[in-house]
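Geometric and topological summary
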Amino acid sequence: MSESLEKPVKADPDAEDEAAAPNAEAEEPKAKKAKTEAAAAAKEPLKNDGGEAYFGLSPKKRCTIRQWKGHVMVDVREFYEKDGSARPGKKGISLTVDQYKALRAAVLDGSIDKQVEALGGDLS
């Protein structure tokens, strides 16, 4: 029988590591394309209809840099489709520059990564 037609064998928790090693490579998950595209999109800002710079975080989430009532805001928000254009939804948050600086500092010093990993989040 061909190897491609065989069902993958799940490792027995009581079995030795050597016996499970050949199947471990076959069961390794592949990288998701959407994450790679989101990371690539985040490097270069795009422009919305109002000329504001934004970074696509996922197909329905954006980080937009805008001015509102004379203040620069960093807006992370969900978008929805209406009449063929993307519209901002209610779900999101607008950060002032000072709030963004505090968030950025926590990201850069690794504090947020440590907490995400402590809860089992995979940042690789």
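Higher on the page you've got the structure.
Predicted model only: the values in this text are computed from it and were never measured. (Residues numbered from 1 in each chain as written. Predicted model: local features only at pLDDT ≥ 70, side-chain atom pairs only at ≥ 80, totals over all residues. Heavy atoms only, no water.)

Looking now at the pairing of strand S3 (residues 61-68). Taken together, the five bridges between strand S2 (residues 53-58) and S3 define a ladder with antiparallel strand orientation. Residue pairing for S3: Phe-55 is matched across the bridge by Cys-63. Hairpin geometry of S2 and S3 is characterised by an intervening segment of two residues between the two adjacent antiparallel strands. Inspection of the sheet shows S3 paired to strand S4 (residues 71-82) by eight bridges, in the antiparallel sense. Along S4, the bridge assignment pairs Gln-67 with Val-72. (Pairing = 2+ DSSP bridges. Helix = DSSP H or I, 4+ residues; strand = E, 2+ residues; numbered from the N terminus.)

Tallying each qualifying case throughout the model produces four salt bridges. Ionic pairing is found between Glu-52 and Arg-66, a salt bridge with its closest N-O pair at 3.2 Å. Residue Glu-52 is found in the loop between strand S1 (46-47) and S2, and its partner Arg-66 is found in strand S3; the two are separated by 14 residues along the sequence. The buried category is assigned to Arg-66, whose relative accessible area is 19%. Residue Glu-78 pairs with Lys-61 through a salt bridge whose shortest N-O separation is 3.7 Å. With Glu-78 in strand S4 and Lys-61 in strand S3, the pair connects residues that are 17 residues apart, well separated along the chain. Take Glu-78: its relative accessible area is 32%, and that puts it in the partly exposed class. Judged by relative accessible area, Lys-61 falls into the partly exposed class, the value being 39%. (Salt bridge = Lys/Arg side-chain N within 4 Å of Asp/Glu carboxyl O. Buried < 20%, exposed > 50% of the residue type's maximum accessible area, 1.4 Å probe, protein only.)

Turning our attention to the packing of aromatic side chains. The final tally for this structure, using the stated rule, is zero aromatic pairs. Across from the ring centre of Tyr-54, 3.9 Å away, lies the NZ or CZ of Arg-62, which sits over that ring. Here the basic side chain of Arg-62 rests over the ring of Phe-79, its NZ or CZ set 4.4 Å away from the ring centre. (Phe/Tyr/Trp six-rings, centres within 6.5 Å; stacked < 30°, edge-to-face > 60°. Lys NZ or Arg CZ within 6 Å of the ring centre and 35° of its normal.)

What follows concerns unusual backbone geometry. We note that Lys-69 has phi near 50 degrees; this positive angle belongs to a residue other than glycine. Within the element layout of this structure, Lys-69 appears in the loop between S3 and S4. We classify Lys-69 as exposed; its relative accessible area is 66%. Unusually for a residue other than glycine, Asp-83 sits at a positive phi of about 55 degrees. Considering the arrangement of structural elements, one finds Asp-83 in the loop between S4 and strand S5 (85-96). In this structure Asp-83 comes out as exposed when scored by relative accessible area, which is 70%.

As a further point, take the pairing of S2. Bridge count between S1 and S2: two bridges; the pairing is antiparallel. Counted as the bridge partner of Leu-46 is Tyr-54 from S2. Here S1 hands over to S2 after five residues, with Gly-51 in that stretch at a positive phi of 85 degrees.

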